[in-house]
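The chain contents come next:
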Amino acid sequence: MNFSSRTAHLAQYGILIALAFILSWLETFLPNPLEGMVPGIKLGLANLVVIIALFRLGFPAATVISLLRVLLTAFTFGNLSMLFYSLAGAALSLLSMKLLQHTHRFSATGISIIGGLSHNIGQVIVAMLILGSNLIYYLPYLIIGGCVSGFLIGLLASLILSRLPKSIA
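Keep in mind the model is a prediction, meaning the values are calculated, not measured.

Analysis parameters
- Residues numbered from 1 in each chain as written.
- Predicted model: local features only at pLDDT ≥ 70, side-chain atom pairs only at ≥ 80, totals over all residues.
- Heavy atoms only, no water.
- Helix = DSSP H or I, 4+ residues; strand = E, 2+ residues; numbered from the N terminus.
- Buried < 20%, exposed > 50% of the residue type's maximum accessible area, 1.4 Å probe, protein only.
- Areas by Shrake-Rupley, 256 points an atom, 1.4 Å probe, with all protein chains shown as cover.
- Axes fitted to C-alpha atoms, helices over the stretch in contact; angles between N-to-C directions.
- Left-handed = near helix turned anticlockwise from the far one by under 90°.
- Nonpolar A, V, L, I, M, F, W, Y, C, P; charged D, E, K, R; others polar.
- Core = buried A, V, L, I, M, F, W, Y, C linked by side-chain atoms within 4.5 Å.
- Contact = heavy atoms within 4.5 Å.
- Parallel < 35°, antiparallel > 145°, perpendicular 65-115°, else oblique.
- Phe/Tyr/Trp six-rings, centres within 6.5 Å; stacked < 30°, edge-to-face > 60°.
- Expected span 1.5 Å × (residues − 1).
- Polar contact = N/O pair within 3.5 Å; in protein donor to acceptor, adjacent residues only side chain to side chain.

Participant: Kindly report on the overall build of the chain, identifying the contributing residues and their values.
Facilitator: Summing up its helical and strand segments, the chain has six helices and zero strands in all. Order of helices (α) and strands (β) in the chain, N terminus to C terminus: α-α-α-α-α-α. Oriented by its inertia axes, the alpha-carbon framework of the chain measures out at about 55 × 35 × 30 Å. With 169 residues in all, the chain has 40% of them scored as buried. In the form shown here, the chain has an accessible surface area of approximately 9500 Å², with 74% of it arising from carbon and sulfur atoms.

Participant: Provide a residue-level description of the packing of helix H4 (residues 80-103) against helix H5 (residues 108-131), including the pertinent values.
Facilitator: Contact pair H4 / H5: the axes reach a minimum separation of 7 Å and the direction vectors enclose 145 degrees. As H4 packs across H5, the resulting crossing turns out to be right-handed. When grouped by side-chain class, the residues that make up the contact of H4 with H5 number 14 nonpolar, twelve polar and no charged.

Participant: Summarise the nonpolar core; cite the residues concerned and give the values.
Facilitator: With 26 residues, the main nonpolar core has Val 49, Val 50, Ile 51, Ala 62, Ile 65 and Met 97 as its most contacted residues. Sorting the residues of this core by element identifies helix H1 (3-27), helix H2 (46-56), helix H3 (59-77), H4, H5 and helix H6 (139-163) as the ones contributing at least two each. Leave out the neighbours within four places in its chain, and Ala 62 touches Val 50, Ala 53, Leu 54 and Leu 94.

Participant: Now, about the packing of H2 against H3: what can you tell me, with residues and values included?
Facilitator: Where H2 meets H3, the axes come as close as 7 Å, and the angle between the chain directions of the two elements is 160 degrees. Compared by their axis directions, H2 and H3 come out roughly antiparallel. Crossing angle aside, the handedness with which H2 passes H3 is right-handed. Together, Ala 46, Val 49, Val 50, Ala 53 and Leu 54 of H2 and Phe 59, Ala 62, Ile 65, Ser 66 and Arg 69 of H3 make up the contact between the two elements. Here the residues of the contact of H2 with H3 sort into eight nonpolar, one polar and one charged.

Participant: Can you explain the packing of aromatic side chains? Please cite residues and give values.
Facilitator: Enumeration over the complete set of coordinates arrives at three aromatic pairs. Judged by centre distance (5.0 Å) and plane angle (85 degrees), the ring pair of Trp 25 and Phe 29 falls under edge-to-face. Look at Phe 29 and you get exposed, because its relative accessible area is 56%.

Participant: Go over the environment of Ile 144, please, and point to the residues and values.
Facilitator: Along the polypeptide, Ile 144 turns up in helix H6. Residue classification places Ile 144 among the exposed positions, given a relative accessible area of 55%. Placed 131 residues apart in sequence, Ile 144 and Tyr 13 show a C-alpha to C-alpha distance of 32 Å.

Participant: Outline H3, supporting the account with residue identities and numerical values.
Facilitator: With 19 residues, H3 ought to run about 27 Å at 1.5 Å a step, and its terminal C-alpha atoms sit 26 Å apart, in line with that. Inspection of H3 places Ala 61, Ala 62, Ile 65, Ser 66, Arg 69, Val 70, Thr 73 and Ala 74 among the buried residues, and these make up the whole buried set.

Participant: Pulling in residues and values, what's your account of unusual backbone geometry?
Facilitator: A positive phi angle, close to 60 degrees, is found at His 104, a residue other than glycine. Note that His 104 resides in the loop between H4 and H5.

Participant: Residue-level account of the side chain of Gln 101, with values.
Facilitator: Take Gln 101: it is sitting in helix H4. Judged by its relative accessible area of 15%, Gln 101 is buried. Among the polar contacts listed, one links the side chain of Gln 101 to the backbone oxygen of Leu 54, at a separation of 3.4 Å. Setting aside chain neighbours within four positions, we find Gln 101 in contact with Leu 54, Phe 55 and Ile 111.

The structure is reproduced here in C-alpha cells:
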C-alpha cells in the first residue's frame, strides 16, 4: 500500500467514524415512544455504518469504527458505566454479525437483526454483573426491540449497500 492509498484509507476510516458518531448524536433528538416502557431502548442508527463497513471494508475496519464510535460517544455524552454497557453490546453484536456473515446465508437485514439482539444481550449481561441482580426479565422487551431496530437498520443498510460500489476501500 503506497502513501496515497494509505492516506485515502485513513480518511475513509475517519469519515465513517465521524458519521457513526454523528448518527449516535442525532439519535438523541429522535422521539422514542418506547423509552418510558423500556428504558435504554433505541434504534441504533450508528450500527448502520458498522454494517456497511462490515460488508464493504471487512471485519477489522468495522471493529475499529465500532470501537472508536463507542469510545467517542461514551466520553462525549455518557459516563463510565455507559462505556461498559456499550462496549459489551458492540463487541457481542460485531462478533455475532461476523459469524453470520461468514456463513454467506444471511442478508444484511438478517445480520443486522442478530446484531441488534446480540447488542441487547451483551448489555443485559453487563448490567447483571455490575448490578448483581437478575435482570433477565428485561430481556424479552430488549429482544423485541433488537429485532425491530435490527430489521429497520438492516433494510436501510441493504438499500445503501445496493447503491454503493462493491468496494469502497
